[in-house]
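As a plain string of letters, each chain reads:
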Amino acid sequence: MLPGVGVFGTGSTARVLVPLLKAEGFEVHALWGRSEEEAFCLAKELGIPFHTSRSDDVLLHQDVDLVCIYIPPSMTRQIAVKALGIGKNVVCEKAATAVDLFKMVTAARYYPQLLSIMGNTLRFLPAFVAMRQLLVEGYVGEVQVCDVRVYGPSLLDQSYGWTCEELMGGGGLHTVGSAIIDLLSYLTGSRANRVHGLLRTFVQQNNLIRGIRRVTSDDFCFFQMLMGGTASSSGGMCCTVTLNFNMPGSFVHEVMVVGSTGRLVARGTELYGQRNGGKGEELLLGDDGWVGPEAKEMPLPHLRGLSSMVKALKESFQAHEERRLWARGPVAMAPTFEDGLYVQTVVEAVKRSSCSGEWECVEIMSQEPDPNHNLCEALQRNKN
């Protein structure tokens with residue numbers, strides 16, 4: 001028996017997610033929007049029986065056992081932690097800070113029987129599933145270099161909102177770069193220990209965002225990661241990632257892994273490979289066409305990955321008669337909240353590097369920082 005679903009969000013992901021869920025047999029019982037009007041319009045369009053702008057109305061809905069959270073990052077932690085506390089399974093997008101992710105990790109550890117995964121759909125894209133398997137089988141030999149390029153149009157909304165604000169989780173690094181950081185960890189089985197990066201905001205105002213308002217989120221980002229080995233060693237693999245969202249009308253999504261005996265390249269949804277000494281690249285996995293819902297604002301790799309993730313969720317819940325129970329196998333490749341904490345830690349280290357101009361170490365939080373730390377330090381100085 002499949003669980004009833006409650007969806008948080010009215011953006012492009014939610015618009016695609018709901019039809020995909022329904023196509024796999026899930027019933028979407030409730031929709032949350034930031035305003036009653038937003039929720040009403042999308043619920044009517046997608047045929048969802050209940051809509052609201054009050055989060056508790058979805059979380060406490062008796063027919064909702066799986067909560068999908070696709071809302072601004074600054075709101076994610078609050079909803080995800082509360083959902084787990086009420087006993088709901090959770091699939092959610094990234095949060096705004098590492099502290100937020102740490103609180104989500106703590107909640108997930110407290111309720112291990114509940115599903116709690118991050119919604120990075122690239123892990124589920126068939127091209128990357130095949131790439132990871134080939135890497136495990138030694139297609140490229142020892143992995144030496146990973147090179148990623150993502151180019152596309154602006155990520156800004158039509159009006160001023162969270163996508164414009166770096167502190168609220170906007171920008172190419174947080175929105176797209178976090179998915180790439182997670183993907184590289186999934187593909188290689190390694191994590192970054194040191195990073196160096198550069199962020200720029202080339203478009204600070206446009207025809208719709210002007211006056212006293214300015215965009216602070218990055219539209220260009222370049223960063224390097226040393227993965228594997230230790231923070232003090234020079235070993236391990238080198239990764240470079242370039243993100244450029246100043247190219248309207250085009251989209252490039254290329255992930256290359258180079259090793260001692262060959263290379264693998266995922267371009268869009270297709271996978272190519274070439275062994276050293278070979279005559280040229282060979283197509284290892286083609287694109288058999290997309291027949292699902294259209295989504296102009298969602299790139300095809302993410303769209304197809306989302307579809308594959310929904311199929312995996314169906315397999316996971318179908319394995320049990322009780323609708324709240326799930327099997328780990330079908331969703332084993334999904335990123336956990338712990339993975340989300342690692343990714344956000346890397347994102348914040350890249351931001352620090354952009355400010356300092358130095359290589360920064362990636363140190364994952366092991367305990368929640370004291371919110372009164374600065375106040376305590378000030379009191380201690382005054383006492384002395």
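In the annotation of an unreviewed UniProt entry, the chain is listed under the name Glucose-fructose oxidoreductase domain-containing protein 2 and assigned to Solea senegalensis. Among the UniProt annotations of the chain, the heading Sequence similarities (unreviewed entry) holds the following wording: "Belongs to the Gfo/Idh/MocA family."

Counting secondary structure elements, the chain contains 10 helices and 15 strands. For a compact globule of 384 residues, the expected C-alpha radius of gyration is about 21 Å, and the chain comes in at 21 Å, within 12% of that figure. Seen through its C-alpha atoms, the chain measures out along the principal axes to roughly 70 × 60 × 45 Å. Taken over 384 residues, the chain has a buried fraction of 50%. Pairs at least 24 residues apart make up 67% of the contacts formed inside the chain by residues separated by at least 6 positions. Here the chain contributes 35 positively and 41 negatively charged side chains, and the mean placements of these two sets differ by 2 Å.

This next bit is on the pattern of salt bridges. Applying the stated criterion to the full structure yields 21 salt bridges. Where Glu-368 meets Lys-103, a salt bridge forms, and the shortest distance between an N and an O atom there is 3.6 Å. With Glu-368 in the loop between strand E15 (360–361) and helix H10 (373–383) and Lys-103 in helix H5 (residues 98–110), this pair connects stretches of sequence that are 265 residues apart. One network of salt bridges, in which partners are shared, links Arg-149, Glu-254, Arg-263, Arg-267 and Glu-281.

Time to look at helix H6 (residues 126–136). Inspection of H6 places Ala-127, Phe-128, Met-131, Leu-134 and Leu-135 among the buried residues, and these make up the whole buried set. When H6 is viewed along its axis, its buried side chains cluster within an angular range of 120 degrees and face the same direction. In the core, the buried residues of H6 are packed alongside strand E7 (143–151), helix H7 (172–188), strand E11 (252–259), strand E12 (262–267), strand E13 (270–275) and strand E14 (282–285). Residue Gly-138 follows H6 closely and has a positive phi angle near 90 degrees.

What follows concerns helix H2 (residues 36–46). Turning to H2, its buried residues are Ala-39, Leu-42, Ala-43 and Leu-46. Seen end-on, H2 carries its buried residues on one side only, within an arc spanning 105 degrees. Turned more than 90 degrees from where H2 packs its buried face, Glu-37, Lys-44 and Glu-45 sit exposed. Contacts from the buried residues of H2 go to helix H1 (12–23), strand E2 (28–32) and strand E3 (50–52). Note on H2: the residue one or two positions beyond its end, Gly-47, has a positive phi of about 70 degrees.

Time to look at the packing of H1 against H2. Relative to each other, H1 and H2 sit at 35 degrees, their axes nearing to 11 Å. Between H1 and H2 lies a crossing of right-handed hand. Residues Ala-14, Arg-15, Val-18, Pro-19 and Lys-22 of H1 lie in contact with H2, whose contacting residues are Leu-42, Glu-45 and Leu-46. Residue composition of the contact of H1 with H2, grouped by class: 5 nonpolar, no polar and 3 charged.

Now for the environment of Arg-214. Looking at the secondary structure, you find Arg-214 in the loop between strand E8 (192–200) and strand E9 (220–227). Considering only alpha carbons, one finds Arg-214 and Val-203, 11 residues apart in sequence, at a separation of 8.9 Å. Those residues within four positions of Arg-214 in sequence are excluded, and the remaining contacts are Tyr-160, Gln-204 and Gln-205.

Core analysis: the largest hydrophobic core is formed by 46 residues, its most contacted members being Phe-128, Met-131, Leu-184, Phe-223, Met-225 and Val-346. In terms of residue count, H7 provides more of this core than any other element does, 9 residues in total. Residue contacts for Leu-184: discarding those within four places in its chain leaves Cys-146, Val-148, Gly-189, Met-225, Met-227, Cys-239, Val-241 and Val-255. If you look at the next biggest cluster of nonpolar residues, it comprises 35 residues, including Ile-48, Leu-66, Val-91 and Phe-317.

The next thing to look at is the sheet that holds E3. Strand order in the open sheet formed by 6 strands is E3-E2-E1-E4-E5-E6, with parallel pairing between adjacent strands. Two strands close off the open sheet at either side, each with one partner strand: E3 and strand E6 (116–118). Strand-to-strand, the axes of this sheet are offset by a mean angle of 15 degrees, without reference to chain direction. Bridge count for strand E4 (residues 66–69) against strand E5 (residues 89–92) is 4 bridges, and the pairing is parallel. In the strand pairing of E5, Ile-69 is matched with Cys-92. The sheet strands contacting helix H9 (residues 337–356) are E5 and E6, and the helix crosses E6 at an angle near 35 degrees.

This part covers the packing of aromatic side chains. Under the defined criterion, the tally for this structure stands at 3 aromatic pairs. Where Phe-8 meets Trp-32, the ring centres are 5.7 Å apart and the plane angle is 35 degrees; that geometry is what we call tilted. In this pair, Phe-8 sits in strand E1 (residues 5–8) while Trp-32 sits in strand E2, placing the two residues 24 residues apart along the sequence. An identical accessibility class is assigned to Phe-8 and Trp-32; each is buried. Both rings, one in Tyr-110 and one in Tyr-111, keep their centres 5.0 Å apart while their planes meet at 80 degrees; by these two values the pair is edge-to-face. Here the basic side chain of Arg-194 rests over the ring of Trp-359, its NZ or CZ set 5.5 Å away from the ring centre.

Analysis parameters
- Every chain is numbered independently, its residues counted from 1 as its sequence is written.
- Restriction of local features to residues with pLDDT of at least 70 applies here, the model being predicted, together with a cutoff of 80 or more for giving and counting side-chain atom pairs; totals for whole chains, interfaces and linings are based on all residues.
- Side-chain metrics rest on all non-hydrogen atoms present in the structure, leaving aside hydrogens and water.
- UniProt positions are given in the numbering used here, feature names are shortened, and annotations may be inferred rather than shown by experiment.
- To qualify as a helix, a DSSP run of H or I must reach at least 4 residues; to qualify as a strand, a run of E must reach at least 2; elements of each kind are numbered from the N terminus.
- This radius of gyration counts C-alpha atoms alone. The globule rule is 2.2 Å times how many residues there are, raised to the power 0.38.
- Burial classes: relative accessible area under 20% of the type maximum marks a residue as buried, over 50% as exposed, and values in between as partly exposed (1.4 Å probe, protein chains only).
- Whether two residues are in contact is decided by their heavy atoms: any pair within 4.5 Å suffices.
- When charges are counted, neither His nor the chain ends are considered; positive counts come from Lys and Arg and negative counts from Asp and Glu.
- Positions of charges follow a simple convention, taking NZ of Lys, CZ of Arg, CG of Asp or CD of Glu.
- Salt bridge, as used here, is a side-chain nitrogen of Lys or Arg placed within 4 Å of a carboxyl oxygen of Asp or Glu.
- By arc we mean the arc of the directions from the helix axis to the C-beta atoms, nothing more.
- For helices, the fitted line uses only the C-alpha atoms of the stretch in contact; every axis is such a line through C-alpha atoms, and the angle between N-to-C directions lies from 0 to 180 degrees.
- For a crossing to be left-handed, the near helix must be turned anticlockwise from the far one by less than a right angle; the clockwise case is right-handed.
- Ten residue types, Ala, Val, Leu, Ile, Met, Phe, Trp, Tyr, Cys and Pro, are classed as nonpolar, four, Asp, Glu, Lys and Arg, as charged, and the remainder, Gly among them, as polar.
- The criterion is simple. A nonpolar core is a set of buried Ala, Val, Leu, Ile, Met, Phe, Trp, Tyr and Cys residues joined through side-chain atoms within 4.5 Å.
- Strands were regarded as paired on the criterion that DSSP finds at least two bridges between them.
- Aromatic rings from Phe, Tyr and Trp, with only the six-membered ring used for Trp, were paired whenever their centres fell within 6.5 Å, and each pair was classed as stacked if the ring planes differed by under 30 degrees, edge-to-face if by over 60, and tilted otherwise.
- Lysine and arginine charges are scored as sitting over a ring when NZ or CZ, respectively, is within 6 Å of the ring centre and within 35 degrees of the ring normal.

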